[in-house]
Amino acid sequence: MLAKVNRDTLKTEGAAVGKFALIGILATLTHAVVASVLFEAGLLAVVPSNVCGFLAAFTVSFSGHYFWSFSHLRQAGTMLKSMARFLIISVSGFALNSTILALWLAFAPWPEIYGLWLAIAVVPAFSFVGARLWAFTHHPAAS
């Protein structure tokens, strides 16, 4: 019986990792496309373009993770709590992203767009751990 439970848990968690990766790729592509198009079209400078990309990606990411990646953790009445927690994780990830971009812009001799893509690429592992262990996990209140 225990082996069956462990196997089922492993299967569920493995599926969550795969789903998280797919949603993460979609959100990352959304971030990259929105930010790149705004910057390359000359509509915004690189930093505001990055902010717009982040906001678009957050919408894709939260929706996908809440309704698909971590649907097995979802409990009635937890959507706003999950959204607030995931926003904290996402903003922390964005702060890391922005720090990397700022350092790139200050010190790297290569094109700004490379720094933008590097900054976008480094955050997903941090986000998964925070999402799985905190944002989408809700323990019943102690009685």
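Look a little higher up for the structure.
About the cut-offs
Residues numbered from 1 in each chain as written. Predicted model: local features only at pLDDT ≥ 70, side-chain atom pairs only at ≥ 80, totals over all residues. Heavy atoms only, no water. Core = buried A, V, L, I, M, F, W, Y, C linked by side-chain atoms within 4.5 Å. Buried < 20%, exposed > 50% of the residue type's maximum accessible area, 1.4 Å probe, protein only. Helix = DSSP H or I, 4+ residues; strand = E, 2+ residues; numbered from the N terminus. Contact = heavy atoms within 4.5 Å. Salt bridge = Lys/Arg side-chain N within 4 Å of Asp/Glu carboxyl O. Expected span 1.5 Å × (residues − 1). Phe/Tyr/Trp six-rings, centres within 6.5 Å; stacked < 30°, edge-to-face > 60°. Lys NZ or Arg CZ within 6 Å of the ring centre and 35° of its normal.

Student: Any details on the nonpolar core? Residues and values, ideally.
Tutor: If you look at the biggest cluster of nonpolar residues, it comprises 13 residues, and the most contacted ones within it are Phe 20, Phe 62, Phe 70, Phe 86, Ala 131, Ala 135 and Phe 136. Only helix 1 (2–40), helix 2 (46–69), helix 3 (79–107) and helix 5 (124–135) provide two or more residues apiece to this core. Beyond its immediate sequence surroundings of up to four residues, Phe 136 is in contact with Phe 62, His 65, Tyr 66, Phe 70, Leu 73, Ser 82, Phe 86 and Ala 131. Counting 9 residues, the second-largest nonpolar core is a separate cluster that includes Ala 35, Ile 100, Leu 101 and Ala 119.

Student: Explain the pattern of salt bridges to me, and be specific about the residues and the numbers.
Tutor: Taken as a whole and assessed by the stated rule, the structure comprises 1 salt bridge. One salt bridge in this structure joins Arg 132 and Glu 13, with 2.7 Å as the shortest N-O distance. Linking Arg 132 in helix 5 with Glu 13 in helix 1, this pair joins segments that are 119 residues apart in sequence.

Student: Could you give an account of the environment of Phe 86, with specific residues and numbers?
Tutor: Relative to the helices and strands, Phe 86 resides in helix 3. Considering only alpha carbons, one finds Phe 86 and Ser 36, 50 residues apart in sequence, at a separation of 24 Å.

Student: Provide a residue-level description of the environment of Phe 136, including the pertinent values.
Tutor: Checked against the element boundaries, Phe 136 lands in the segment after helix 5. Distance in space between the C-alpha atoms of Phe 136 and His 65 is 8.5 Å, their sequence separation being 71 residues.

Student: Residues and numbers for helix 3, please.
Tutor: The terminal C-alpha atoms of helix 3, which comprises 29 residues, lie 41 Å apart, in line with the 42 Å expected from a rise of 1.5 Å per residue. All buried positions along helix 3 are accounted for by Ser 82, Arg 85, Phe 86, Ile 89, Ser 90, Gly 93, Phe 94, Asn 97, Ile 100, Leu 101 and Trp 104.

Student: Give a detailed account of the packing of aromatic side chains, specifying residues and quantitative values.
Tutor: Using the criterion set out here, one finds 14 aromatic pairs in the structure. Taking the centre distance of 6.3 Å and the plane angle of 15° together, the rings of Phe 58 and Phe 62 count as stacked. In this pair, Phe 58 and Phe 62 both sit in helix 2, 4 residues apart, roughly one turn of the helix. The exposure classification of Phe 58 matches that of Phe 62, with both residues buried. The ring centre of Tyr 66 lies 5.4 Å from the NZ or CZ of Arg 74, which sits over that ring.

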